[in-house]
Each structure stands twice: as structure tokens, then as C-alpha cells.
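Here are the chains, one letter per residue:
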Amino acid sequence: MAYAYDDQNIFAKILRGEIPNRTVLETDHTLAFEDINPQAPVHVLVIPKGAYVTYDHFAAEASDAEIVDFHRAVARICAEQGLAADGCRFISNAGTHGVQDVPHFHLHILGGRPLGRMLSAG
Ligand code: AMP
């Protein structure tokens, strides 16, 4: 699978500091910020600083350091947001069938209320 990265996507602009964000956590290889259109009381987006389109792209081509940093960041966010007790949901949309709007890999972390079943039709 080819992964063509468009460096004009909105998260690339956030990473370059061209548009603002509400940062939750920043590490060497990872940035996490509040979703601009939150779907739950907690809705954080976690992105690698590297140019990866989807989760599988990141998993295939990122360095070990980037992959570890990303997942440790996820763990820190969950702890800091107090999500362990009642749980949460991790979502990463990819491509056309996944209805991915922003073509820079991002993990949604959603929590703070019951989230219902995983998928809806349509
Ligand atoms: P996806 O459909 O998985 O690509 O999700 C893209 C997410 O990015 C949506 O939940 C949007 O609300 C969110 N989003 C778009 N622009 C921004 C922005 N400037 N700052 C924060 N979140 C954004």
C-alpha cells in the first residue's frame, strides 16, 4: 500500500504552528490536543509529529522511538484524564471506508460518558 502524505492537511499546519491548538501533551515525537468539535466530555486527538497518513502507515514505517513515544503518550493522557475507572474509546479512522477527514494519522480518545455501541450504520 502506498502512503502519499499531503503536508497541507490541518494537523500538519498545527504541527508547524500555523494554526493554534489546545495542547494536552507534547513529547519528543507526539502531540495531543483537544478535538475542536468534541463528541464526548473528553475528546483528545493524539498525533505523531512525523508524516504518517494512517495507523497502519505509522505502524509500518515509524521508528521504534516514535512508536514507543506515541503509545506512552496515550497512556499518560488516559491517566491524566482519569479514564481508567470508567473506560473510554480509542478510534483511528483510515481512508475512504474509515471516513478519515484529516489525512495525518490521529488517535481519538473519547471518554467521560457512556459511549454506546461501537459502530452505527451508514
Ligand atoms: P477524522 O474524521 O477521524 O479524520 O477526524 C478528524 C477530527 O479532527 C474531527 O473530530 C475534527 O473535529 C477534528 N479537527 C479538525 N480540525 C481541527 C482543529 N483545527 N483542531 C482540533 N481538531 C480538529
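The shown structure was predicted, so the numbers you read here are calculated from the model rather than taken from an experiment. (Residues numbered from 1 in each chain as written. Predicted model: local features only at pLDDT ≥ 70, side-chain atom pairs only at ≥ 80, totals over all residues. Heavy atoms only, no water.)

Caption draft 1: Summary view of the nonpolar core. Of all hydrophobic cores here, the largest spans 17 residues; its most connected members are Val44, Val46, Phe70, Val74, Ile77 and Ile109. Sorting the residues of this core by element identifies strand 3 (42–48), helix 3 (64–80) and strand 5 (107–111) as the ones contributing at least two each. Top element by residues in this core is helix 3. It accounts for 5 residues. Ignoring anything within four residues of it in the chain, the contact list for Val46 reads Thr30, Leu31, Ala32, Phe70, Val74, Ile77, Phe105, His106, Leu107 and Ile109. Within the second largest apolar cluster, 7 residues are counted, among which are Phe11, Ile14, Leu31 and Phe33. (Core = buried A, V, L, I, M, F, W, Y, C linked by side-chain atoms within 4.5 Å. Buried < 20%, exposed > 50% of the residue type's maximum accessible area, 1.4 Å probe, protein only. Helix = DSSP H or I, 4+ residues; strand = E, 2+ residues; numbered from the N terminus. Contact = heavy atoms within 4.5 Å.)

Caption draft 2: View of the sheet that holds strand 4 (residues 88–91). With respect to topology, 5 strands assemble into an open sheet ordered 1-2-3-5-4, the strand pairing being antiparallel. Whereas interior strands pair on both sides, the edge strands pair on one side only; in this sheet they are strand 1 (23–26) and strand 4. Pairs of neighbouring strands in the sheet enclose a mean axial angle of 20°, with direction left out of account. In terms of strand pairing, strand 4 meets strand 5 through 4 bridges, oriented antiparallel. Within strand 5, the residue paired with Cys88 across the bridge is Gly111. (Pairing = 2+ DSSP bridges. Axes fitted to C-alpha atoms, helices over the stretch in contact; angles between N-to-C directions.)

Caption draft 3: Broad picture of the environment of Arg76. Along the polypeptide, Arg76 turns up in helix 3. Exposure remark for Arg76: the relative accessible area of 42% places this residue in the partly exposed category. Separated by 32 residues in sequence, Arg76 and His108 have C-alpha atoms that sit 14 Å apart. Dropping the residues within four chain positions of it, Arg76 is found in contact with Leu25 and Thr27.

By themselves these figures say nothing about function.
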